[in-house]
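# Commentary on secondary and tertiary structure
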Amino acid sequence: GMDKETEYDLWWIAKEGLKASLPAPWKACEAGSDIFYFNSETGESVWDHPCDEHYKGLLATERQKKEEAKKSGEDPTKKKKEKKEAKK
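None of these values were measured; they are calculated from a predicted model.

### Focus on the pattern of salt bridges
All chains considered together, the criterion is met by four salt bridges. In this structure, the salt-bridge partner of E53 is K56, at a minimum N-O distance of 3.7 Å. Placement of both E53 and K56 in helix 2 (residues 52-71) is noted, with a separation of three residues, approximately one turn of the helix. Its salt-bridge partner being E62, residue K65 comes within 3.2 Å of it at the nearest N-O pair. Pair noted here: K65 and E62 are both in helix 2, with a separation of three residues, about one helical turn.

And the structure:
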């Protein structure tokens, strides 16, 4: 999971993951009140969204970048702020 207090700058990953479309040939299916995902080509069924691993990996990478920046004394949010200001 993510900590809303200390990882607010990484919430874009969670938002992106929640909005992620299902890749073909995956379909969302209902089992009572639960949702599972079915791959019609392989016959595989999973409870987690097929893109979850991608976003978990992305989160791990961004956390590592933050930790490395912190160790080097760099402000990990500085580059993002500079990019936003440059776009104005």
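Next comes the rest of the description.
### Comments concerning the sheet that holds strand 3 (residues 45-46)
Here three strands make up an open sheet; going across it, the order is 1-2-3 and the pairing antiparallel. At either end of the open sheet lies a strand with only one pairing partner, and these are strand 1 (26-31) and strand 3. With six bridges joining them, strand 1 and strand 2 (residues 34-39) adopt antiparallel strand pairing. Each residue of the ladder has a partner; that of A28, found in strand 2, is Y37.

### Let's talk about the nonpolar core
Grouped together as the largest cluster of nonpolar side chains are six residues: L10, I13, A20, C51, Y55 and L59. With near-sequence residues (within four places) excluded, Y55 lies in contact with I13, E16, G17 and A20.

### Topic: the packing of aromatic side chains
As enumerated under the stated definition, the model contains one aromatic pair in all. When the centroid spacing of 5.9 Å and the interplanar angle of 70° are considered together, the rings of F36 and W47 count as edge-to-face. Taken together, the residues span a long stretch of sequence, with F36 in strand 2 and W47 in the loop between strand 3 and helix 2 at a distance of eleven residues.

Parameters at a glance
- Residues numbered from 1 in each chain as written.
- Predicted model: local features only at pLDDT ≥ 70, side-chain atom pairs only at ≥ 80, totals over all residues.
- Heavy atoms only, no water.
- Salt bridge = Lys/Arg side-chain N within 4 Å of Asp/Glu carboxyl O.
- Helix = DSSP H or I, 4+ residues; strand = E, 2+ residues; numbered from the N terminus.
- Pairing = 2+ DSSP bridges.
- Core = buried A, V, L, I, M, F, W, Y, C linked by side-chain atoms within 4.5 Å.
- Buried < 20%, exposed > 50% of the residue type's maximum accessible area, 1.4 Å probe, protein only.
- Contact = heavy atoms within 4.5 Å.
- Phe/Tyr/Trp six-rings, centres within 6.5 Å; stacked < 30°, edge-to-face > 60°.

Worth remembering: the numbers are spatial, not functional.
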